[in-house]
Amino acid sequence: MELEWAGVPSIAIVHEEMRGSAQAIARVSGCSDYGFLTVNYPWVPIAIWSKEECLELAEIMAPKVLAALTGQA
Amino acid sequence: MVGLVANGLGDGEIFLDALYDELAKLSDLQAPLKVVKSSVSIPPEPGDWSRLTEEATVAITGFGG
Amino acid sequence: MTAPAQHAYDSYEALVEDYFERGWTDGLPIMPPTPDKVAMFLEHAGLSGGEVLGTVPTREVICTAEQAAANAVMAGCRPEYFPVVVAAVRAHLHPKGNCHSTTGTLSGAAQAVVINGPIRNELDVASGAGCFGPGFRANATIGRALRLVIRNVCRGIPGFLDRASYSTPARYSFCFGENEEASDWAPLHVQRGLDPEQSAVTVHSLMKMVEATDFTSRNAEGVCESLVANIRANGIAGDSWLGEDGNVVIVIGHEHHRFFTEEGWSKSDIQQYLWPRLNAPATGAADRMARIGKPEGILIVAAGGAGMGASWLLLPHLALAITEPIRRPRPDAC
């Protein structure tokens, strides 16, 4: 959000289980409608992931990140 | 230039590197500007913050922990 | 607090200051135990004031319902919590709950109160995120009420009969519910022979709390192996007085629970997996035997919120975990 305020379009990736916390931060920061991309199980919320898990998730998330940052989401 | 802001938790940095590689396959990107926060619980160092806001055109971050 | 007495105060502040002065609190302010409130609490439990909830023979202590009610009021309980407090006091004062030892020990053992059954939801007992507290009135005040009984009735006063070298903040209050809705696991009280619709408390003497983190396992067996390693790193000595019935409580966290439910592991499956591994001979100072006489002595409780790949080990002091039904006067109420 602070990057957005500084003029840099940004996207934050959040685990579904942490979305409530992320939205709470957004709300107290006055950005209730800040968009997040979410990750869900089988990826666990704490990112102690194997390299294979990282690569697989990156492959899944990349198109979503691109769409969000280019306004095509 | 894509800014990557890693909070230093777990393997988030590996994930962001992999994510950048995947993005590079989908779009014409320059080199990434990667910042790893010096502590998980504080914002990036002032120098890193300046680089992000001055050089990055978009940024990707993670939230959690 | 040895005899009912009426005191008059000019203000709430004066009352609280006097209670501090007399040593009747845990160091935090209390609610005034007025006679009408004490009577209301007793009514909610369907008890007369003279009903004996238990004794501590070594301390010449007889704990009555009126004394428990006064301390429950002081702890900030609502009247409808009192039947839970009564059950917790009865459980703690069970001979094998070993009040004298667990509240006097140098090790500063605490009492963990686990609530099961429909009453959890009626009273808003927290069993999910943050359930170990603070932040939830039922959890905080029910646990505090038991501790105030231990202090004011059972004479567990620091420097007097409580000889803890450090004690623990868990002694202010440690009470949580089992997240029975998280899966089809048999709730703790059902595993211990009670009906699912019968609400109950289990009081466990707690020598040490250990967070068993495991962020990397992705299956039930992996989580079990890390639980074994964490328990064996501490060891459980066992005690001949407790015989084969010793307990350890394992609070299975949300992220670990997922693996068990995905793979169809019951609590019994976990007990059967852990038991021989815990009882295997020690291989060194960091790998010690955890003497639990029977698989059923490993008490599995589901609780906690999402996020951390962690479970909690509630390692025992010299007592059994005692499960006590929560009884209320109306037959349809519990």
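Quick notes on the rules
- Residues numbered from 1 in each chain as written.
- Chains lettered and ligands numbered in written order.
- Predicted model: local features only at pLDDT ≥ 70, side-chain atom pairs only at ≥ 80, totals over all residues.
- Heavy atoms only, no water.
- Pairing = 2+ DSSP bridges.
- Helix = DSSP H or I, 4+ residues; strand = E, 2+ residues; numbered from the N terminus.
- Axes fitted to C-alpha atoms, helices over the stretch in contact; angles between N-to-C directions.
- Contact = heavy atoms within 4.5 Å.
- Core = buried A, V, L, I, M, F, W, Y, C linked by side-chain atoms within 4.5 Å.
- Buried < 20%, exposed > 50% of the residue type's maximum accessible area, 1.4 Å probe, protein only.
- Buried area = accessible area lost by both parts, 1.4 Å probe.
- Salt bridge = Lys/Arg side-chain N within 4 Å of Asp/Glu carboxyl O.
- Polar contact = N/O pair within 3.5 Å; in protein donor to acceptor, adjacent residues only side chain to side chain.
- Nonpolar A, V, L, I, M, F, W, Y, C, P; charged D, E, K, R; others polar.
- Phe/Tyr/Trp six-rings, centres within 6.5 Å; stacked < 30°, edge-to-face > 60°.
- Lys NZ or Arg CZ within 6 Å of the ring centre and 35° of its normal.

Undergrad: Explain the sheet that holds strand β2 (residues 36-39) of chain A here, please?
TA: Consider a sheet: its strands pair through backbone hydrogen bonds, and that pairing is either parallel or antiparallel. Pairing is parallel in the open sheet, where five strands are placed in the order β2(A)-β1(A)-β3(B)-β1(B)-β2(B). Here the strands that pair on one side only, and so sit at the sheet edges, are β2 of chain A together with β2 (33-36) of chain B. For this sheet, the mean angle separating the axes of adjacent strands, direction not counted, is 20°. In the sheet, strand β1 (residues 10-15) of chain A pairs with strand β3 (residues 58-63) of chain B via five bridges, with the strands oriented parallel. Considered in β3 of chain B, the bridge of Ile 11 of chain A is made with Ile 60 of chain B. Packed on one face of the sheet, helix α1 (residues 12-26) of chain B meets β1 of chain A together with β1 (2-6), β2 and β3 of chain B and runs near 160° to β1 of chain B.

Undergrad: Explain the environment of Gly 30 of chain A here, please?
TA: Here Gly 30 of chain A shows up in the loop between α2 (19-28) and β2. As a C-alpha pair, Gly 30 of chain A and Ala 67 of chain A span 37 residues in sequence and 24 Å in three-dimensional space.

Undergrad: It is not clear to me how the nonpolar core should be interpreted in this structure. Could you clarify?
TA: The tendency in soluble globular proteins is for nonpolar side chains to be buried as a group. The biggest cluster of nonpolar side chains holds 55 residues, and the ones touching the most others in it are Phe 82 and Ile 115 of chain C. In this structure Ile 115 of chain C touches Val 84, Arg 120, Val 125, Ile 142, Cys 175, Phe 176, Gly 177, Glu 178, Ala 200 and Val 201 of chain C, once residues within four positions along its chain are discounted. If you look at the next biggest cluster of nonpolar residues, it comprises 53 residues, including Ala 58 of chain A, Phe 15 and Ala 18 of chain B together with Ile 252 of chain C.

Undergrad: Even after reading the chapter, I still don't get the arrangement of the chains, so can you show me in this structure?
TA: Counting contacts across all two pairs of chains that touch, the top-ranked interface belongs to chains A and B. The smallest C-alpha distance separating chain B from chain C is 8 Å, and no contact links them.

Undergrad: Looking at this structure, how should I read the interface of chain A and chain B?
TA: When the parts come together, some accessible area is lost, and that loss is often what is quoted as the size of the interface. With 30 residues of chain A in contact, the opposing surface of chain B contributes 25 residues. Summing the contributions of chain A and of chain B, the shared interface buries around 2,200 Å²; its carbon and sulfur component is 79%. In terms of surface lost to chain B, no three residues of chain A exceed Leu 3, Val 8 and Ile 13 of chain A, which account for 22% of the buried area on that side. At the junction of chain A with chain B, the criterion picks out zero salt bridges. Counting across the chain A and chain B interface gives five residue pairs in polar contact (both at pLDDT 80 or more). Those elements giving two or more residues to the side of chain A that touches chain B turn out to be α1 (2-5), β1, α2 and α3 (51-69) of chain A. A per-element tally of the side of chain A that touches chain B places α3 of chain A first, with 11 residues. Across the side of chain A that touches chain B, the residue classes tally to 25 nonpolar, three polar and two charged.

Undergrad: Whenever I open this one, the side chain of Asn 116 of chain C confuses me. Can you help?
TA: Residue and element names in this part refer to chain C. Residue position: Asn 116 is located in strand β3 (residues 110-116). Of the polar contacts made by the side chain of Asn 116, one reaches the side chain of Glu 178; its length is 3.0 Å. Excluding anything up to four places from it in sequence, Asn 116 contacts Glu 178, Glu 180, Pro 187, Leu 188, His 189, Ser 199 and Ala 200.

Undergrad: Got a minute to help me understand the pattern of salt bridges in this structure?
TA: Two side chains of opposite charge can pair, provided their charged atoms sit close to one another. Under the defined criterion, the tally for this structure stands at 20 salt bridges over all chains. The salt bridge partner of Arg 51 of chain B is Asp 48 of chain B, with a shortest N-O separation of 3.3 Å. You can see Arg 51 of chain B and its partner Asp 48 of chain B sitting in helix α2 (residues 46-55), three residues apart, about one turn around the helix. One salt bridge in this structure joins Arg 258 of chain C and Glu 262 of chain C, with 3.1 Å as the shortest N-O distance. Of this pair, Arg 258 of chain C and Glu 262 of chain C both sit in helix α10 (residues 254-262), four residues apart, roughly one helical turn. Exposure remark for Glu 262 of chain C: the relative accessible area of 56% places this residue in the exposed category.

Undergrad: Before we go on, may I ask you to explain the interface of chain C and chain A in this structure?
TA: Between chain C and chain A, the residue contacts involve 10 residues of the former and 10 residues of the latter. Summing both partners gives a buried area of about 770 Å² for chain C against chain A, and 60% of it is carried by carbon and sulfur. The three residues of chain C that bury the most area against chain A are Phe 215, Arg 218 and Arg 258 of chain C, which together make up 53% of that side's buried surface. Among the ionic pairs, Arg 218 of chain C bridges to Glu 53 of chain A, the shortest N-O distance being 2.8 Å. The tally of links from chain C across to chain A stands at four residue pairs in polar contact (both at pLDDT 80 or more).

Undergrad: Which parts of the structure should I look at to understand the packing of aromatic side chains?
TA: All names here are of chain C. Throughout the structure, instances matching the rule amount to 12 aromatic pairs over all chains. Here Phe 132 and Trp 312 contribute two aromatic rings whose centre-to-centre distance is 6.0 Å and whose plane-to-plane angle is 65°, an arrangement assigned as edge-to-face. Pair noted here: Phe 132 is in the loop between α6 (119-122) and α7 (137-152) and Trp 312 is in strand β8 (residues 310-316), with a separation of 180 residues, a long-range link. Note on Phe 132: relative accessible area 23%, which makes it partly exposed. Seen from their ring centres, Phe 260 and Trp 265 are 5.7 Å apart, and the 55° between their planes marks the pair as tilted. Each of the two residues, Phe 260 as well as Trp 265, counts as buried. What links up through ring pairs into an aromatic cluster is the set Phe 132, Phe 174, Phe 176 and Trp 312. Above the plane of the ring of Trp 241 lies Lys 96, whose end atom (NZ or CZ) is 4.3 Å from the centre. Taking the ring centre of Phe 259 as reference, the NZ or CZ of Arg 258 above it sits at 5.4 Å.

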